[in-house]
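Observations on the model geometry
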Amino acid sequence: MTDTQTLIENRPPSVAGLFLERVSATPDAEAYRHPVPAASGQGPDDWKSLTWAQTAERVYAIAAGLIELGVEPEQRVALAAATRIEWILADLGIMCAGAATTTVYPQTNAGESAYILADSGSRVLIAENAEQLAKAVEKRAELPELTHVVVMDAEGVDTGDDRVLTLADLEARGAARLEKDPDLVTKRVGAITRDQLATLIYTSGTTGRPKGVRLPHDNWSYMAKAIAATGLVGKDDVQYLWLPLAHVFGKVLTSGHIEVGHVTAVDGRVDKIIENLPVVRPTYMAAVPRIFEKVYNGVAAKARAGGPAKSRIFQWAAGVAREYAKVSQDNFRRTGSRSVPFGLGARHKVADTLVYAKLRDAFGGRLRACVSGSVALAPEIGYFFAGAGIHILEGYGLTESSAASFVNPGEAYRTGTVGKPLPGTEVRIAEDGEILLRGPGIMEGYHGLPEQTAEVLEPDGWFHTGDIGELSPDGYLRITDRKKDLFKTSGGKYVAPTEIEGSFKSVCPYVSNILVHGADRNYCTALIALDEVSLLQWAGENGLEGRPYAEVVAAPATVAMVEGYVQQLNAGLQRWQTIKKFRLLPRDLDIEHGEITPSLKLKRPVVEREYRHLLEEMYEGAREK
């Protein structure tokens, strides 16, 4: 048995157990950093640290407080908050109480929040603030099992109600209970079994009601050990964690952190990312492709704003970065060396001085690697960052597989693939191209939905992902599309819309979202939403300054600009894949209108229904086959 197999197969039954081991091993080491608003209320935030021992003191108090409220093993405690240090402390407290966390996105509306709380049978809700509390209050009649609400930020909250208490109150109750029974939490953790429910994550889904994915403690314990076994993260790393912890991608990072014992800086405010990076100076972080697309488009827009000369320099440097990344990756695959021809190396050195070094500084100057997941990253954007020295390791997984099933292996990463399976995870490709997974990370099933569970989970443990992919001879996986998203034109040709959409994002610096349509039609069309910030900057440079977004989108000059990028896209597509017509949307797609999920996946049926009139308009008069 290899060291990796031993590490994984001898895992403890829970991450709660791993947490106790981590606290015992390195009590005085720094565990977390988190922002605290400056005392004056002005200027940059202060950053505070927690050691593992300090973290444990708060976690045990939360766990004991929940036990004091009557929470029993496997009973659900819901968490509705943005990514912040209290989310992690609460989640660990829930697990150390032997209970199970139900995650709720803070953007979720009152109706869907109530559905999740009711369907999960959550007994306690830990809410971020008055806004999150109001959702539960509004639907209280639909939540007979909800006995208490704990609020992190008490401002504007009426705590006169016995069923509402602050997080500080909960911790105080827990501390008092621990004085009487100091072994309370360690006994609860010691009683946790592998198959005991740890987390209930409701998939935001692209259609219908969300389904609760049941993830036992063993899923997270396996993930912690498997992440450590990849060697991608070390104890000296500093992680910047801003991803939504209600999503499985953010959640799995907390498990790996506990096993490895490095430092994690936590701040979920997306508008603070640019400000925080030079302060945190992370060595690695995880992100979704939209972040890299925004950074790339922002850098390109800044270069254009600097005048024609700067714009030409950037475009030249971007081309050099892509060529350098492709050649060096290809050489590494064939020879194990990232060497490139002398001329390319010389051009790359000049481009590094002019462009890439500044980009790396914007990320804090120490970034060793980024992990990208949730949806596919356009390869051309991946190659650009790779050539600029910001190595994006794409990974792959689903809520149903505890997030991390595949990841690119460090220096041997290949842009355009999601890498190799984590140790202990099996993969095979079905006859129709669907990716099937099996291993300790696979869910127990959908909460209260045995028939839907049986549709995707075979008796022998193979899980049907619904994604289409290809495996290289040496085990690298490439995702080509969602099985349900593939469509056939009326001419009988199959089209993978996700691939076309990703290609357009690497071609057009102004796009935010795009939906390619064409099922049972005789040609493909697209609905395109443009990024407001970059579009208005373009407007200011093209005689449309001062006009509102909707007016700029409707301007003939804007349509002509996008038409040029569509033609550029079409030049690289097969005839039946080309976009014959497109329409620009009057606003960007967003979570609030239910058009994209909180993990930024496109809800195709919603968008197609909302803009059906635009789709029909593009096919009027066309002869359907």
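Throughout, a residue's number is its position along its own chain's written sequence, starting from 1. Local features in a predicted model are, by the rule used here, given only for residues with pLDDT of at least 70; side-chain atom pairs are given and counted only at 80 or more, and totals for whole chains, interfaces and linings are based on all residues. Computation of side-chain values covers all heavy atoms of the structure but excludes hydrogens and water.

1. Describing unusual backbone geometry
Trans is the prevailing form of peptide bonds, just as negative phi is the prevailing case for residues other than glycine. Although it is not a glycine, Glu74 sits at a positive phi angle of roughly 70°. Secondary structure elements follow DSSP: runs of H or I of four or more residues count as helices, runs of E of two or more count as strands, with numbering from the N terminus. Along the polypeptide, Glu74 turns up in the loop between helix H3 (52-68) and strand E3 (76-80). Relative accessible area decides the class of each residue, using a 1.4 Å probe on protein chains only: under 20% of the type maximum gives buried, over 50% gives exposed, and in between gives partly exposed. Overall, the relative accessible area of 30% leaves Glu74 in the partly exposed class. For Ser402, which is not a glycine, the phi torsion comes out positive at approximately 60°. On the secondary structure map, Ser402 appears in the loop between strand E14 (392-396) and strand E15 (406-407).

2. Things to note about a nonpolar patch on the surface
A patch consists of residues whose relative accessible area exceeds 30% and which take part in no salt bridge; residues with like charges are grouped when within 9 Å of each other, and nonpolar side chains (Val, Leu, Ile, Met, Phe, Trp, Tyr) when within 5 Å. The accessible surface values rely on the Shrake-Rupley method and a 1.4 Å probe; as for residues, cover is taken only from the protein chains in view. In what follows, salt bridge is the name for a side-chain nitrogen of Lys or Arg lying within 4 Å of a carboxyl oxygen of Asp or Glu. A cluster of nonpolar residues, Ile313, Trp316, Val350 and Leu354, forms a patch on the protein surface that exposes about 320 Å² of accessible area. Within the fold, Trp316 resides in helix H13 (residues 308-335).

3. Digging into helix H10 (residues 248-260)
With 13 residues, H10 should cover 18 Å at 1.5 Å per step; its first-to-last C-alpha distance of 19 Å lies within 8% of that length. Of all the 13 residues making up H10, 13 are buried; the element is thus mostly covered by neighbouring parts of the structure. Helix span, as expected, comes to 1.5 Å for every residue beyond the first.

4. Considering the side chain of Ser120
Here Ser120 shows up in helix H5 (residues 110-120). Under this definition, polar contacts are N or O atom pairs within 3.5 Å; protein pairs additionally need one hydrogen-donor-capable and one acceptor-capable atom, and for neighbouring residues in sequence, both atoms have to be side-chain atoms. Reaching out from Ser120, the side chain makes a polar contact with the backbone oxygen of Leu117 at a distance of 3.1 Å. What Ser120 contacts, discounting residues up to four positions off in sequence, is Arg76, Thr102, Leu200, Tyr202 and His447. In this analysis, two residues are considered to be in contact whenever any of their non-hydrogen atoms come within 4.5 Å of each other.

5. Description of the pairing of E3
Of all five residues in E3, five are buried; the element is thus mostly enclosed. A two-sided burial pattern is seen for E3, the buried positions comprising Arg76, Ala78 and Ala80 on one face and Val77 and Leu79 on the other. Two strands pair when backbone bridges link them, and E3 and strand E4 (residues 100-104) are joined in this way by five bridges, in the parallel orientation. If you follow Ala78 over to E4, its bridge partner there is Thr102. Regarding topology, helix H4 (residues 85-96) serves as the crossover connection from E3 to the parallel E4, and that connection is right-handed. When DSSP finds two or more bridges between two strands, those strands count as paired. For E3 and strand E5 (residues 124-127), the ladder comprises four bridges, and the chain directions are parallel. For Val77, the partnering residue across the bridge sits in E5 and is Val124. Throughout, right-handed denotes a crossover for which the path from the first strand over the helix to the second runs clockwise when the strands point away from the viewer.

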